[in-house]
Amino acid sequence: MKRADDFRLKLGNRAYVPIMIGGMGVDISTSELALEAARLGGIGHISDAMVHDVSDRKFDTTFVKDKTRTYKFNINNLSKAVVQFDMGRLAEATINHVRSTMEAKKGDGLVFVNCMEKLTMNAPRETLRTRLSAALDGGIDGITLSAGLHLGSFALIADHPRFRDAKLGIIVSSARALQLFLRKTARLDRLPDYIIVEGPLAGGHLGFGMDWAEYDLHTIMDEVHAFLRDEQLAIPVIAAGGIFTGTDAVGFLENGAGGVQVATRFTITHECGLPADVKQEYLKATEDDITVNGISPTGYPMRMLRNTPAIGSGIRPGCESYGYLLDANGNCAYIDSYNREVLAHPDQKTVVVMDKTCLCTHMRNFNCWTCGHYTYRLKDTTHRKADGTYQLLSAEHVFRDYQFSVDNQIALPQREE
Ligand SMILES: Cc1cc2nc3c(=O)[nH]c(=O)nc-3n(C[C@H](O)[C@H](O)[C@H](O)COP(=O)(O)O)c2cc1C
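Caption draft 1: How the structure looks around the overall build of the protein. For the protein, the count of helices and strands is 13 helices and 13 strands. Radius of gyration (C-alpha) of the protein: 21 Å, near the 22 Å computed for a compact globule of 417 residues. Each principal axis of the C-alpha distribution contributes one length, and for the protein these read about 65 × 60 × 40 Å. In the protein, 72% of the contacts between residues at least 6 apart in sequence involve partners at least 24 apart. Taken as a whole, the protein presents about 17300 Å² of accessible surface, with 48% of it coming from carbon and sulfur.

Here it is in structure tokens:
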């Protein structure tokens, strides 16, 4: 019987344990979590979502406070179009986060950064170019382009000295999306080094419509493999979404996957950035507690716990401080929904907004509890303590369980006294 450790993910002329921990913003996949994956010979991700805020928390910088002060005059205005990011400060914050992580790296694995295209930040091309270039400047091993098609992203860094040496990968949810990406980047003569295929059971945003349940990761993987074969392209394909055990991983590796990307099982590790009480919410969840809805202003469906504080919350849009989702015209779907409710209830101090959420503020405050489909199985991976709470795990324990377990088994941790 095979174990995930019987396989290796080959990138360039190096081979890695074929387990990647996926990016989870905002700072849910912390540097500590990513560094554990690298130490154990696999690949970890940090995320560049809200990197100003991450830098402020880690290094006592004042990026968010300074930006809030600059745009304070606009806080009560309905339009947020005036809010901009200073590219120099964006680069500085990114380098702080990336460089400090890379300086702490040990072991044979790699650390990548997850870069979501949907963080448009009121100037999509310029902010994206700055984020990608700064991550390369900070010494990141690789960049995973996610949440969006990223059709022009490679071109934005084609002149960067590390464009051909850093690993560059994309996340897609269909062979069609991959085809579009490859067609668009053909003239750069630079293929992605890896392709992550994310199925409908993943956490975060989904690359599907509300009909997500009609899709199946194994089928999409087969379609992507067939497409690459027809095009005579040998690019490792990494399966993601709903891979809960080492045996699930082996199922994909035996079918030709180069590796697997996993996340949900790491949300209840000590190294994960979620607050301790939120980790317990994930552990307590039953299958009925998990929903896919359309409240993300990005337009993509998102999976989350039903009791997530972000649902129905009518807080004032936090763009003057954050502003990550403002599109090229300075709009965000939440601003429209919020303004609609405020105008409809002029005498109310607070409003309820059901159709969209202020994702920036809620992700920043860990109040949007996005999660994978199998979150309800997390309780089976640990012990319940006498006080009713669940024991948290080490990232090493979960990583090694994926790496070595067989026969659908899940290794429980040693019980804490
Ligand atoms: C809490 C959480 C947050 C996530 N945030 C992001 C993100 O910021 N960007 C992204 O590309 N994927 C995100 N994902 C998706 C994961 O990186 C990963 O591909 C997927 O969840 C793997 O499936 P699994 O959770 O069933 O193992 C997130 C997943 C979770 C559970």
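This is not the end of the story, as more comes after the structure.
Caption draft 2: Seen up close, the environment of Asp189. Tracing the chain through its elements places Asp189 in the loop between α7 (175-185) and β8 (194-198). Its relative accessible area of 63% is what places Asp189 among the exposed residues. Separated by 25 residues in the primary sequence, Asp189 and Arg164 have C-alpha atoms spaced 10.0 Å apart.

Caption draft 3: Local environment of the site of the ligand. Near the ligand lie 21 residues; those nearest to it are Glu198, Gly242, Gln261, Ala263 and Thr264. At a separation of 2.7 Å, an oxygen atom of the ligand approaches a polar backbone atom of Gly242. For the ligand, whose free accessible area comes to 600 Å², the fraction covered by protein is 95%. Residue composition of the shell around the ligand, grouped by class: seven nonpolar, 13 polar and one charged.

Caption draft 4: The arrangement of the sheet that holds strand β12 (residues 290-293) in detail. Taken in spatial order, the three strands line up as β9-β13-β12 in an open sheet, and their pairing is antiparallel. Looking along the sheet, the strands with just one partner apiece sit at the ends: β9 (204-205) and β12. The sheet contact formed by β9 and strand β13 (residues 302-305) spans two bridges and is antiparallel. What sits directly across from Gly204, in β13, is Arg303.

Caption draft 5: Inspection of unusual backbone geometry at higher detail. Each neighbour pair has its own omega, and for Gly25 with Val26 the value is -5 degrees, a cis peptide bond. Turning to its location among the elements, Val26 is positioned in the loop between β3 (19-21) and α1 (31-39). Of note in this structure, Asp407 is not a glycine but carries a positive phi near 60 degrees. Although it is not a glycine, Asn408 adopts a positive phi angle of roughly 60 degrees. Relative to the assigned elements, Asn408 resides in the segment after α13 (395-404).

Caption draft 6: Structural detail: the nonpolar core. Grouped together as the largest cluster of nonpolar side chains are 122 residues, with contacts concentrated most on Ile140 and Ile143. Broken down by element, this core gets its largest block of residues, six residues, from helix α8 (residues 217-230). In this structure Ile140 touches Ile46, Val98, Met102, Val111, Phe112, Val113, Ala135 and Arg162, once residues within four positions along its chain are discounted. Of all hydrophobic cores here, the second largest spans twelve residues; its members include Tyr16, Met20, Ile43 and Ile238.

Caption draft 7: Highlighting the packing of helix α2 (residues 51-59) against helix α4 (residues 87-103). Their axes nearest at 9 Å, the elements α2 and α4 cross at an angle of 55 degrees. Relative to α4, α2 is oriented oblique. Crossing angle aside, the handedness with which α2 passes α4 is left-handed. Contact residues: Val51, His52, Val54, Ser55, Lys58 and Phe59 in α2; Arg89, Leu90, Ala93, Thr94, Asn96, His97, Ser100 and Thr101 in α4. Tallied by class, residues from the contact of α2 with α4 come to five nonpolar, seven polar and two charged.

Caption draft 8: Representation of α7. Within α7, the full set of buried residues consists of Ala175, Ala177, Leu178, Phe181, Leu182 and Thr185. Each buried residue of α7 lies within a common arc of 160 degrees when the element is viewed along its axis, so the set occupies one face. In α7, the exposed positions that point more than 90 degrees away from the buried face belong to Arg176 and Arg183. In the core, the buried residues of α7 are packed alongside α6 (153-156), β7 (167-172), β8 and α8.

Caption draft 9: Structural view of empty space enclosed by the protein. What the rule picks out here adds up to three cavities of 30 Å³ or more. Quantified by volume, the largest cavity comes out at close to 90 Å³. Together, 14 residues line the largest cavity, and Cys319, Leu325, Cys332, Cys358 and Cys360 are the ones closest to its centre. Broken down by secondary-structure element, the contributors of at least two residues to the lining of the largest cavity are α11 (333-344) and α12 (359-364). The residue inventory of the lining of the largest cavity, partitioned by class, reads eleven nonpolar, three polar and no charged.

Caption draft 10: Focus on the side chain of Asp27. Turning to its location among the elements, Asp27 is positioned in the loop between β3 and α1. As a buried residue without a salt bridge, Asp27 has its nearest oppositely charged side chain in Lys58, at a separation of 5.6 Å. Each residue touching Asp27, except ones within four places of it in the same chain, is listed here: Val54, His97, Gly273 and Phe366.

Caption draft 11: Local environment of the layout of surface pockets. The volume enclosed by the second largest pocket comes to roughly 210 Å³. Together, 15 residues line the second largest pocket, and Leu201, Asp216, Gly241, Gly242 and Tyr374 are the ones closest to its centre. When residues in the lining of the second largest pocket are grouped by element, the largest group, three residues, is from helix α9 (residues 246-254). Residues belonging to the lining of the second largest pocket are distributed by class as follows: nine nonpolar, four polar and two charged.

How each quantity is defined
Residues numbered from 1 in each chain as written. Predicted model: local features only at pLDDT ≥ 70, side-chain atom pairs only at ≥ 80, totals over all residues. Heavy atoms only, no water. Helix = DSSP H or I, 4+ residues; strand = E, 2+ residues; numbered from the N terminus. Rg over C-alpha atoms; globule rule 2.2 N^0.38 Å. Contact = heavy atoms within 4.5 Å. Areas by Shrake-Rupley, 256 points an atom, 1.4 Å probe, with all protein chains shown as cover. Buried < 20%, exposed > 50% of the residue type's maximum accessible area, 1.4 Å probe, protein only. Near = heavy atom within 4 Å. Polar contact = N/O pair within 3.5 Å; in protein donor to acceptor, adjacent residues only side chain to side chain. Nonpolar A, V, L, I, M, F, W, Y, C, P; charged D, E, K, R; others polar. Pairing = 2+ DSSP bridges. Core = buried A, V, L, I, M, F, W, Y, C linked by side-chain atoms within 4.5 Å. Axes fitted to C-alpha atoms, helices over the stretch in contact; angles between N-to-C directions. Parallel < 35°, antiparallel > 145°, perpendicular 65-115°, else oblique. Left-handed = near helix turned anticlockwise from the far one by under 90°. Arc of directions from axis to C-beta. 1 Å grid on protein atoms, 1.4 Å probe; cavity = no way out; pocket = protein on both sides within 12 Å on 5 of 7 lines; lining within 4 Å. Points joined across faces, edges and corners; volume = space filled by probe spheres on them. Lys, Arg positive; Asp, Glu negative; His and termini not counted. Salt bridge = Lys/Arg side-chain N within 4 Å of Asp/Glu carboxyl O.

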